[in-house]
Amino acid sequence: MSLRRILPAAILALSASLAVAQTPGGGQRGPGGPQQPPPPPTAGAKLDIIEGSSASYRVTEQLAGIDFPNEAVGTTTGVSGTIQILPDGSIAPNSKLVVDLKGLTSDQGMRDGYIRNRTLETDKFPDAVFIPTSITGVPKMVPSAGQVGVALTGNLTVHGVTKPVTFKGIATLDPRSSTVAGRALTTFTFADFGLTKPTLARLMSVDDKITLELVYKFKRS
């Protein structure tokens, strides 16, 4: 076959393969199909807590007969609520997060009983309630993808006492699932909320500082 016949056929085949590789919008086709750009930023966002969220306390304790400190961790998946960021970057007044303290469990049932009955008195005060009042680190035009460092300040009510606290952490925004996920921490003392330190057998001492960790997953709308 002559070169004059081969060359047009080769050009036609190359053009067809390039057309298949292109998406209708001109983008490239990736391993999982057409790769679409993320949605544009929005003026404000509504964030509803969904499954996959939890709250934990962390306290350093010293056990008798052990030379090194132990970190006591109690966790509950009973977290609910909504945070709404308004177009001007402020927090809507109806924003609230609620943690079910009765659901807190650790690796020690005796500790859990003491925390529920004596420290938190969950029969009287079953929930911890956080009312956010301001947020920093998030642009007014909230992005749909990437990571942002966030500081969320508000009023935390535990054991019938309300104090201002700030949760700090990093949030990951996923445009595919329209979710915002991450973790945030704040610290306070037993005395801040009028809490009684645990006194149990084999427990020599408990540190004054409590770290409250929120592992969150929000659905964005």
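Residues numbered from 1 in each chain as written. Predicted model: local features only at pLDDT ≥ 70, side-chain atom pairs only at ≥ 80, totals over all residues. Heavy atoms only, no water.

Section: the overall build of the protein chain
For the protein chain, the count of helices and strands is two helices and 15 strands. Expressed as a percentage of its 221 residues, the buried residues of the protein chain come to 35%. Here the analysis covers contacts within the protein chain between residues at least 6 apart in sequence; of these, 61% occur between residues at least 24 apart. On the protein chain, roughly 12,800 Å² of surface is accessible, and the fraction owed to carbon and sulfur atoms is 58%. (Helix = DSSP H or I, 4+ residues; strand = E, 2+ residues; numbered from the N terminus. Buried < 20%, exposed > 50% of the residue type's maximum accessible area, 1.4 Å probe, protein only. Contact = heavy atoms within 4.5 Å. Areas by Shrake-Rupley, 256 points an atom, 1.4 Å probe, with all protein chains shown as cover.)

A word on the pattern of salt bridges
Applying the stated criterion to the full structure yields eight salt bridges. For Asp174, the salt bridge is made with Arg176, and the minimal N-O distance between the two is 3.4 Å. Residue class for Asp174 comes out partly exposed when judged on its relative accessible area of 21%. Each of Arg58, Glu71, Arg183 and Glu213 takes part in a single network of salt bridges with overlapping partners. (Salt bridge = Lys/Arg side-chain N within 4 Å of Asp/Glu carboxyl O.)

Structural notes on the packing of aromatic side chains
Counted according to the given criterion, the structure contains three aromatic pairs. Measuring from centroid to centroid gives 5.0 Å for Phe130 and Phe167, while their planes differ by 75°, and the two rings are edge-to-face. Of this pair, Phe130 sits in strand E9 (residues 127-136) while Phe167 sits in strand E12 (residues 161-174); the two residues are 37 residues apart in sequence, bridging distant segments of the chain. Looking at Phe167, the relative accessible area reads 8%, which means it is buried. The interplanar angle of 70° and the centroid separation of 4.9 Å between the aromatic rings of Phe188 and Phe193 together place this pair among those described as edge-to-face. (Phe/Tyr/Trp six-rings, centres within 6.5 Å; stacked < 30°, edge-to-face > 60°.)

What about the pairing of strand E13 (residues 179-189)?
Examined bridge by bridge, E12 and E13 share seven bridges and lie antiparallel to one another. From the neighbouring strand, Ile170 faces E13, where its bridge partner is Arg183. In sequence, E12 turns back onto E13 through a hairpin of four residues, with Ser178 there showing a positive phi of about 55°. With eleven bridges connecting them, E13 and strand E15 (residues 209-220) associate as antiparallel partners. Opposite Arg183, over in E15, you have Val215 as the bridge partner. (Pairing = 2+ DSSP bridges.)

Considering the side chain of Thr186
Looking at where Thr186 falls in the secondary structure, it is placed in strand E13. Overall, Thr186 belongs to the buried group, its relative accessible area being 6%. Within the local environment of Thr186, its side chain forms a polar contact with the backbone oxygen of Thr166, the two atoms lying 3.0 Å apart. Apart from the residues lying within four places of it in its own chain, the contact partners of Thr186 are Val165, Thr166, Phe167, Ile210, Thr211 and Leu212. (Polar contact = N/O pair within 3.5 Å; in protein donor to acceptor, adjacent residues only side chain to side chain.)

A few points about the environment of Ile115
With respect to the element layout, Ile115 can be found in helix H2 (residues 109-119). For Ile115, a relative accessible area of 10% puts it in the buried group. With sequence-adjacent residues up to four places away left out, Ile115 is seen in contact with Tyr57, Leu120, Glu121 and Pro198.

Some points on the side chain of Ser54
With respect to the secondary-structure elements, Ser54 resides in strand E5 (residues 54-63). Note on Ser54: relative accessible area 13%, which makes it buried. Ignoring anything within four residues of it in the chain, the contact list for Ser54 reads Thr75, Thr76, Thr77, Val79, Glu213, Leu214 and Val215.

Re the environment of Leu185
In this fold, Leu185 is placed in strand E13. Note: C-alpha distance between Leu185 and Leu214 (29 residues apart in sequence) is 6.4 Å. Residues contacting Leu185, with those up to four places away along its chain left out, are Thr166, Phe167, Lys168, Thr211, Leu212 and Glu213.

Details of the nonpolar core
Core analysis: the biggest nonpolar cluster contains 41 residues, and Leu156, Tyr216 and Phe218 have the highest contact counts within it. Among all residues touching Leu156, those that are not within four sequence positions of it are Val129, Phe130, Val161, Thr162, Lys163, Val165, Phe188, Phe193 and Leu212. (Core = buried A, V, L, I, M, F, W, Y, C linked by side-chain atoms within 4.5 Å.)

Section: the confidence of the model for the protein chain
Close inspection of predicted coordinates is inappropriate for parts of the model with low pLDDT. Residue-level pLDDT values for the protein chain average 86, and 79% of them are 70 or greater. Confidence over residues 6-28 falls short of pLDDT 50; this stretch has 13 contacts with residues more than four positions distant or in other chains. (pLDDT = per-residue confidence, 0-100.)

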